[in-house]
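The lines below spell out each chain.
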Amino acid sequence: MGAYEKNAARKSLIGRAVAAMAQSLFTRKETLLNGLLKSVVRFGVGLFHRMTGYMKDDIIRADIGFTAEELNRYQYGVGDANSKLTKDERKN
Amino acid sequence: MHTKGVLCASCDIGCALTAHVDQGRVVKISQSKNPLLKDNICMKGVYAPKGLAHPNRVLYPLKRVGERGSGKWEQVCWDDAMADISQRLRKIADEHGPEALAVSTSEWNTSVDNGAGRRFLNHFGSPNWISGVALCAGNTAAVNRLVYGWFPFSDFARTKCIVLFGHNPQRHSWTPIYNMIRAAKVRGAKVIVLDPRRNENADIADCYVPLRAGTDAAMMLGWVNVIINERLYDEDFVAKWCVGFEALRKRANEYPLERVAQITGVDASLIRESARMYATAKSAAIPWTPITDQQRNSTSAIRLQCILRALTGNVDSPGGDLFMSFPRDLVSESEIEAHEVLPQAQKNKQLGSDKHPVFTYRGMAALKEPTKRVWGLEYTNLVTGCYMANPSATFRAMAGEGPYPVKAFFVLGNNALMSYGNMKLIHKAMLNQDLIVVHEHFKTPTAQLADYILPGDSWLERPQIWTGFGWVGVLATSEKAMEPPGECRSVYDFWRDLAWRMGYKEAFPWETLEDILDYRLKATGKRFNEFAAEFEYKLPDFETRKYLKTGFATPSGKVELYSSVLEDLGFDPLPYFREEPDADRKFSSRLFTGVRENEYFQTGGRHIPELRQRNPEPLIFVNTNEATKWNIRDGEWVEIETKAGKVTMKTSIREDMPDNLVRVPHGWWKPEMEQGLGKLSGAWKYADAQVCPDDDDFLDREQGLPHLRGIPCKIKKIAQPE
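Computed from a predicted structure; not experimentally measured.

In this section: the overall build of chain A. Scanning chain A for helices and strands turns up 4 helices and 0 strands. N-terminal to C-terminal, the α/β element order of chain A is α-α-α-α. A total of 92 residues make up chain A; the buried ones form 29% of that total. Accessible surface computed for chain A: about 6500 Å², of which carbon and sulfur atoms make up 62%.

This part is about the overall build of chain B. Scanning chain B for helices and strands turns up 27 helices and 26 strands. Each principal axis of the C-alpha atoms in chain B carries an extent, and together these give about 70 × 65 × 55 Å. For chain B, with 722 residues in total, the buried portion stands at 68%. Summarising the internal contacts of chain B: among those between residues at least 6 apart in sequence, 76% fall at separations of at least 24. Total accessible area computed for chain B in this model is approximately 23100 Å², and 48% of it derives from carbon and sulfur atoms.

Residue and element names in this part refer to chain B. An order of β5-β4-β16-β15-β14-β6-β7 is seen for the 7 strands of this open sheet, with the pairing classed as mixed. Every interior strand has two partners, whereas the edge strands, β5 (73-75) and β7 (129-130), have only one. Against the sheet, helix α5 (residues 116-124) engages β6 (101-105) and β7, with an angle of about 170 degrees to β6.

The next point concerns the interface of chain B and chain A. Across the contact, 58 residues belong to chain B and 36 residues belong to chain A. Interface of chain B and chain A: buried area, both sides summed, is about 4300 Å²; carbon and sulfur atoms make up 58% of it. It is B:Arg25, B:Pro35 and B:Pro55 in chain B that bury the most area against chain A; as a group they hold 14% of the surface buried on that side. The residue B:Glu479 makes a salt bridge to A:Arg28 at a minimum N-O spacing of 3.9 Å. Inspection of the region where chain B meets chain A yields 21 residue pairs in polar contact (both at pLDDT 80 or more). By residue number, the principal contributor to the side of chain B that touches chain A is strand β3 (residues 25-31) of chain B, which donates 7 residues.

A separate point is the environment of B:Ala366. All names here are of chain B. Here Ala366 shows up in the loop between α16 (361-364) and α17 (368-375). Of the residues examined, Ala366 reaches a relative accessible area of 39% and is grouped as partly exposed. Separated by 199 residues in sequence, Ala366 and Val565 have C-alpha atoms that sit 6.7 Å apart.

Now for the pattern of salt bridges. On inspection of all chains with the given rule, the structure shows 54 salt bridges over all chains. Between A:Asp63 and B:Lys28 there is a salt bridge; the shortest N-O distance is 2.8 Å. Residue A:Asp63 is located in the loop between α3 (58-61) and α4 (68-76), and its partner B:Lys28 is located in strand β3; the two belong to separate chains. Overall, A:Asp63 belongs to the partly exposed group, its relative accessible area being 43%.

Let's shift gears to the nonpolar core. All names here are of chain B. Grouped together as the largest cluster of nonpolar side chains are 259 residues, with contacts concentrated most on Leu89, Phe120, Trp223, Leu311, Phe410, Trp459 and Leu498. With 10 residues, the top contributor of residues to this core is helix α8 (residues 216-229). Residues contacting Phe120, with those up to four places away along its chain left out, are Leu89, Leu101, Trp495, Leu498, Ala499, Met502, Tyr504 and Phe508.

Generally, phi is negative for residues other than glycine and the peptide bonds are trans, each holding for most cases. All names here are of chain B. At Asn114, a residue that is not glycine, the phi angle is positive and equals roughly 55 degrees. Structurally, Asn114 can be placed in the loop between α4 (107-110) and α5. The class of Asn114 is buried, set by a relative accessible area of 4%. A positive phi angle, close to 50 degrees, is found at Asp316, a residue other than glycine. Within the secondary structure, Asp316 sits in the loop between α13 (298-311) and β13 (321-322).

Overall, the prediction assigns chain B a mean pLDDT of 96, with 100% of residues at 70 or greater. Among the prediction metrics, the complex's ipTM stands at 0.89, with pTM recorded as 0.95.

The next point concerns the sheet that holds strand β9 (residues 161-165) of chain B. Residues and elements named next belong to chain B. If you trace the 3 strands from one edge of the open sheet to the other, you get β9-β10-β11, paired in parallel fashion. Whereas interior strands pair on both sides, the edge strands pair on one side only; in this sheet they are β9 and β11 (207-209). Across this sheet, the average inter-strand angle for adjacent strands is 10 degrees, counted without regard to direction. The pairing of β9 with strand β10 (residues 190-194) spans 5 bridges and is classified as parallel. Opposite Cys161, over in β10, you have Lys190 as the bridge partner. The strands touched by α8 are β9, β10 and β11; relative to β9, the strand with the most contacts, the crossing angle is about 145 degrees.

All names here are of chain B. At a closest axis distance of 9 Å, the pairing of α8 and helix α10 (residues 245-252) adopts a crossing angle of 115 degrees. As for how α8 packs across α10, the hand of that crossing is left-handed. On the side of α8, the interface is formed by Leu221, Val224, Asn225 and Ile228, while α10 contributes Phe245, Leu248, Arg249, Arg251 and Ala252. By residue class, the composition of the contact of α8 with α10 is 6 nonpolar, 1 polar and 2 charged.

Glancing now at the environment of B:Leu270. With respect to the secondary-structure elements, B:Leu270 resides in helix α12 (residues 268-279). Counting along the chain gives 429 residues from B:Leu270 to B:Leu699, while the straight-line C-alpha distance between them is 29 Å.

To continue, consider the packing of helix α6 (residues 138-148) of chain B against α13(B). Residue and element names in this part refer to chain B. In the contact formed by α6 and α13, the axes pass within 9 Å of each other and the chain directions differ by 50 degrees. Here α6 lies oblique to α13, going by the angle between them. Remark: the crossing between α6 and α13 carries right-handed chirality. From α6, Asn139, Thr140, Val143, Asn144, Val147 and Tyr148 reach across to α13, where they touch Ser298, Thr299, Ile302, Arg303, Cys306 and Arg309. For the contact of α6 with α13, the class distribution of residues is 5 nonpolar, 5 polar and 2 charged.

Attention now moves to the confidence of the model for chain A. Residue and element names in this part refer to chain A. Summing up the model confidence of chain A, the mean pLDDT is 78 and the portion of residues at 70 or higher is 72%. Here helix α1 (residues 3-25) stands out as the element of chain A with the lowest mean pLDDT, 74, in contrast to α4, whose mean of 95 is the highest. Contacts from residues 79-92, a stretch scored under 50 in pLDDT, to residues over four places away or in other chains number 23 contacts.

What counts, and where the lines are drawn
- Residues numbered from 1 in each chain as written.
- Chains lettered and ligands numbered in written order.
- Predicted model: local features only at pLDDT ≥ 70, side-chain atom pairs only at ≥ 80, totals over all residues.
- Heavy atoms only, no water.
- Helix = DSSP H or I, 4+ residues; strand = E, 2+ residues; numbered from the N terminus.
- Buried < 20%, exposed > 50% of the residue type's maximum accessible area, 1.4 Å probe, protein only.
- Areas by Shrake-Rupley, 256 points an atom, 1.4 Å probe, with all protein chains shown as cover.
- Contact = heavy atoms within 4.5 Å.
- Pairing = 2+ DSSP bridges.
- Axes fitted to C-alpha atoms, helices over the stretch in contact; angles between N-to-C directions.
- Buried area = accessible area lost by both parts, 1.4 Å probe.
- Salt bridge = Lys/Arg side-chain N within 4 Å of Asp/Glu carboxyl O.
- Polar contact = N/O pair within 3.5 Å; in protein donor to acceptor, adjacent residues only side chain to side chain.
- Core = buried A, V, L, I, M, F, W, Y, C linked by side-chain atoms within 4.5 Å.
- pLDDT = per-residue confidence, 0-100.
- Left-handed = near helix turned anticlockwise from the far one by under 90°.
- Nonpolar A, V, L, I, M, F, W, Y, C, P; charged D, E, K, R; others polar.
- Parallel < 35°, antiparallel > 145°, perpendicular 65-115°, else oblique.

What follows is the structure, encoded as structure tokens:
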């Protein structure tokens, strides 16, 4: 194998390794490797965010959520998630 | 409490988010657990659990009783509703032909169509499918294919230069794109912004070009002039891979910078500077923008973006605009749609294909064989925007003014009445129907005119595969986070049920949504649940310069700077700029619309209290000079009028607006206002679709789309509406 072919094969191997690592960042299954990778990326991204305020936003930082009771009351007027109101009781 | 990984459909971008589930319902939406995706979240996603829990959400099928638009409904069961719908549809088809059914939808919103809607239409025999993507990315895909056979996505991660033609992604709007632009800027990429308004992205631009609204095609002809005459183009790529260069050069020379400056209102030196900045960048991307989709010169403008990419060698090239594909190990929506089943005689009846063929079956016909050669499929419905009927022509036929009657109209996840130009025509068209079926979350102005409102599920209540319809190349999964409330069902369930009742059971062997997802993933050897448990995203193959192996999917196999397809269809094969027609002097300003606020997506979201509080009224933007001209002040209510109609809005004075330009927001109605014919929850007062004309002067010739970027208008102060 000449120098060009060796170089191309090495690049291809590096490319495949990078692609595999990138893909492991986007899997839901937790393995040692992707857990480690995600931790490293999380650390780096977090550091960058703290230093630069990148994509900082008050609404997202507020971590807004609701309770199930609140949403059930809002939607159905009662606290039971499975409540089905009669036709007359519905606002439709 | 537990969490699920979901893909948001509060807009059409599909951010990966985390749904927090407690007592069987989603109580919070937060950032993705993936550190690379955590910034892709906006307020619309955050408030989705509240929005989807609104007390007025439609949870059971409703059947109209009384006159259309009277607001009288009775709750029925799905079985009765679908039995009646199928029977009435059959009757309409028997009387008028299957082409008498038109469908308006957006699979980007409904998420789980999986190609079923087109599959049904193709078996049924109707070619008349329309969508909001005709004005937004779908049409772009079709026009791009005329030039180089596919629709590329920008390589934000590697590009050295980003050109934004009016596109204005913000922290809470097109958030992933905003994120990618900011990340590119941090890496040192240059940003060129072309926009009449000094928008938020102009603040980070290396070059800001304040062109007049609707003159993008002229600007790009100026750029082509500079790039060709200063020999800034990639000579090797042009020589080997382009046809029509000399004809293009001749056309570009008809647009010297003095002429372009006069049209665009931009100094010739700035035109030259911006063109050079783009053409001399080591790599450069021109991301998709809705702005050039929605102009009188849209086809030329979109083609010119393609031509610029080709001239500078940025087609399917690292840092340029990349040809992604349908994921290899997935049965694509395009295959499921089964366009080959629809007889040619029915394809020929597609409304609007005679006069405005570009994104119709007729316009795409010449690309069938080249697409099969390069991409392996004859029909590739990129972005779901190829093979569409023309919206204006469809509404005319529905109103009784077309070549044949259309008497049945199905609307799924689309507030059709307010989503296209010439709302008066659409209203007339809907009142002329024998059957209107709407699949929705709420009683939108469109739904208020229906015969049936069928309750739709939401993106939190179903599993989903997302691929960007061949544009983005990824394969993403969304887990079902909660059960749909009441009797809400997916659009897939609707089409499958209808198909079985209409005798197409063999063509629809997948009884449930999960069944079709499993089918689509069969090549992976996994069922959806297993696949989704493993893959949040399956990344695409990032191979570039694929044309070196396959050529381009065009009739010539090359990039067609001179379009053989347009020539054969009877249009100018080269891009051009069509000047504005003379306008009535009383309409001395120009308005642009189609823009939405960060709080809302299209016509949705006005019912969510927290978001409505942030943006309670529809606001026009004008600068001080414009306000003085019309004798209006900040906060005052006004009426904006064009030859097509009027809307009522509140004034906001902003100095980032240029003189003579008015920004009108898209999609306003007020869910709390009175429903029914004549009122339509404020749509007649506030919907911008009323001021958008669709006569020939204001239509793009090749696509037949309305001009939303520079409509002649006038403004009058009025009293505060009740």
